[in-house]
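# Structural features, examined
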Amino acid sequence: MDTPSSTTARGERPRISACIIAFNEADRIGDCLASLAFCDEIVVVDSGSTDATAAIAQAAGARVLQRPFDGFRSQKAFCVAQAAHDWVLCLDADERVDETLRASILQARDGGFAAAAGYRFARLSDYFGRFLRHGNAYPDRVMRLFDRRRGGWRGTREIHESASVDGPVPTLRGDLLHYPYRSLEQQLAKTQRYARMMAEHDFARGKRATWSKLVLAPAWRFWRGYVFRAGFLDGWRGLVYAYVRANYVRQKSIMLWLLQHGQPLADPPRGDTRAAHGEPAHDP
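We now turn to the structure provided with this report. Remember, it's a predicted structure, so these values are computed and weren't measured experimentally.

### Comments concerning the pairing of strand β4 (residues 87–92)
- Within β4, 6 of the 6 residues are buried, leaving the element largely enclosed by the surrounding structure.
- A two-sided burial pattern is seen for β4, the buried positions comprising W87, L89 and L91 on one face and V88, C90 and D92 on the other.
- By the bridge criterion, 6 bridges tie strand β1 (residues 16–22) to β4 in an arrangement that is parallel. Paired with A18 across the strands is L89, a residue of β4.
- In this sheet, strand β8 (residues 142–147) lies alongside β4 in antiparallel orientation, the contact comprising 3 bridges. Opposite L89, over in β8, you have L145 as the bridge partner.

The structure is reproduced here in C-alpha cells:
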C-alpha cells in the first residue's frame, strides 16, 4: 500500500504520527494513548480484538484500522504506512512515554529533528509492581521515533523486530515505560511462544544449535544479567527475571535442536490410537 503524503509544509515544524498495534489491550491502551496526547495524530492498527480495545482507542481520538495479524514486523510496517506524517513514534499498547521523554521529543521536534534520521531512548520495564533498573532489563534502548522516508520496520524477522534508518540516531533523555506482563503465567506463555518463533526463524535461515549453546548459552544469559550487569540490585524481582530470561534462551536452543533433528515442536494431530495400532476404530 502506498504511503500517504505528509501534510507538513516546508519550513513548518515537523508533525508526529503515533503508531500503535494492538490486540485485546482494553486494560492498557488507554494509558498508552494518554501519554501520546502531544502527537499530531494517533493511528491504531487492531488485529480483531474481542474486547473494548478499538472502542477505547476511537473514543480517545485515534484513527483505528483493522488488519489480520500476520507478524509483528509486518503489522507495524503497515501501521507506519498509514500515518499522515513522515515522522512516526511507534509504541506497543503496553508502553507509555514518560514526562522526561515527552519533553525530549518535543525539544527535538521544535528543533526540526535536525541532523537525525531517528532517535533511540531507554525502555524501563515494570516487573511485579516495580521497575527493573539493572541487569539485562535496563536501559534496553530502542529506536522508535524516526523519519519513515529514511527507514522503518525493515527485514524479514517477524519476532523481536526492530526498526532501522539510514542516518544518525541520537539518544534522547527519558524512558519509555513498559508494562509487559500481567502475570508470571502470561510471561512464561509469552516467552515460550517467542522462543518457538525465533527457533523457527533461525532454522529457516540455516542457523543450527550446538551442544555448547544448549549448555552454556542459558547460563551465560543468567550470569551476564544477574551478576555482571548487576541484576541482583533489583532484589528478588531481578532474580526471577534473570531465571525466566535464561529459560527463554534454553527453550529457544532446545527447539532449534529439535527442528534440525526433524522433530516436531507441537503435538501431532490426535487420531484414534487404537486405529493407529491396527485395532478397529469402533467397538463391535
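### Some points on the environment of A114
- Turning to its location among the elements, A114 is positioned in the loop between α4 (99–110) and β6 (118–127).
- Residues A114 and A103 lie 11 residues apart in sequence; the distance between their C-alpha atoms is 16 Å.

### Here's the deal with a nonpolar patch on the surface
- On the surface, F128, L184, L188 and W236 cluster together into a nonpolar patch covering about 380 Å² of accessible area.
- Along the chain, F128 falls in the loop between β6 and β7 (130–131).
- Given a relative accessible area of 37%, F128 falls into the partly exposed group.

### Let's talk about helix α5 (residues 184–204)
- The terminal C-alpha atoms of α5, which comprises 21 residues, lie 30 Å apart, in line with the 30 Å expected from a rise of 1.5 Å per residue.
- Of the positions making up α5, those classed as buried are Q187, K190, T191, Y194, A195, M198, A199, H201 and D202.
- For α5, the elements touching its buried residues are α3 (72–82), β6 and α7 (235–260).
- Remark: G206 follows α5 within two positions and exhibits a positive phi of approximately 90 degrees.

### Topic: the pattern of salt bridges
- Applying the stated criterion to the full structure yields 20 salt bridges.
- In this structure, R63 engages E41 in a salt bridge whose closest nitrogen and oxygen atoms are separated by 3.1 Å. With a gap of 22 residues between them, R63 in strand β3 (residues 63–66) and E41 in strand β2 (residues 41–46) connect regions that are remote in the sequence.
- On the basis of relative accessible area, R63 is assigned to the partly exposed category, the value being 33%.
- The partner of E95 in a salt bridge is R123, with the nearest N and O atoms 2.8 Å apart. Here E95 is found in strand β5 (residues 95–97), whereas its partner R123 is found in strand β6, with 28 residues between them in sequence. Pair check on accessibility: E95 and R123 agree, each one buried.
- Bridged by salt links that share partners, the residues E25, D27, R28 and R182 form one connected network.

### Let's talk about the packing of helix α6 (residues 211–228) against α7
- Running from N to C, α6 and α7 point in directions that differ by 160 degrees, and their axes come no closer than 9 Å. Here α7 runs roughly antiparallel to α6, going by the angle between their axes. Note that α6 runs across α7; the crossing there is right-handed. For the pair α6 and α7, the contacting residues are W211, K213, L214, A217, P218, R221, F222 and Y226 in the first and G238, L239, A242, Y243, R245, A246, V249, R250, S253, I254 and W257 in the second.
- Considering only residue class, the contact of α6 with α7 consists of 13 nonpolar, 2 polar and 4 charged.

### Let's talk about empty space enclosed by the protein
- Overall, the coordinates contain 2 cavities of 30 Å³ or more when judged by the stated rule.
- In this structure, the largest cavity occupies an estimated 90 Å³ of space.
- G135, N136, G238, Y241 and A242 are, among the 14 residues lining the largest cavity, the residues nearest its centre.
- Broken down by secondary-structure element, the contributors of at least two residues to the lining of the largest cavity are α6 and α7.
- Ranked by the residues each element gives to the lining of the largest cavity, the list is headed by α7, at 4 residues.
- When its residues are assigned to classes, the lining of the largest cavity shows 5 nonpolar, 6 polar and 3 charged.
- Estimates place the volume of the second largest cavity at around 50 Å³.
- Lining the second largest cavity are C19, I20, I21, K76, C79, V80, C90, L91, D92, R144 and W153.
- Put simply, the parts of the chain that give the lining of the second largest cavity at least two residues each are β1, α3 and β4.

### Brief notes about the packing of α5 against α7
- Orientation of α5 relative to α7, taken along the N-to-C sense of each, is 35 degrees, at an axis distance of 8 Å. Two packed elements cross with a definite hand, and for α5 against α7 that hand is right-handed.
- Across the contact of α5 with α7, the residue classes break down as 13 nonpolar, 5 polar and 5 charged.

Reading the values: the criteria
Residues numbered from 1 in each chain as written. Predicted model: local features only at pLDDT ≥ 70, side-chain atom pairs only at ≥ 80, totals over all residues. Heavy atoms only, no water. Buried < 20%, exposed > 50% of the residue type's maximum accessible area, 1.4 Å probe, protein only. Helix = DSSP H or I, 4+ residues; strand = E, 2+ residues; numbered from the N terminus. Pairing = 2+ DSSP bridges. Patch = residues over 30% accessible without salt bridge, like charges linked within 9 Å, V, L, I, M, F, W, Y side chains within 5 Å. Areas by Shrake-Rupley, 256 points an atom, 1.4 Å probe, with all protein chains shown as cover. Salt bridge = Lys/Arg side-chain N within 4 Å of Asp/Glu carboxyl O. Expected span 1.5 Å × (residues − 1). Contact = heavy atoms within 4.5 Å. Axes fitted to C-alpha atoms, helices over the stretch in contact; angles between N-to-C directions. Parallel < 35°, antiparallel > 145°, perpendicular 65-115°, else oblique. Left-handed = near helix turned anticlockwise from the far one by under 90°. Nonpolar A, V, L, I, M, F, W, Y, C, P; charged D, E, K, R; others polar. 1 Å grid on protein atoms, 1.4 Å probe; cavity = no way out; pocket = protein on both sides within 12 Å on 5 of 7 lines; lining within 4 Å. Points joined across faces, edges and corners; volume = space filled by probe spheres on them.

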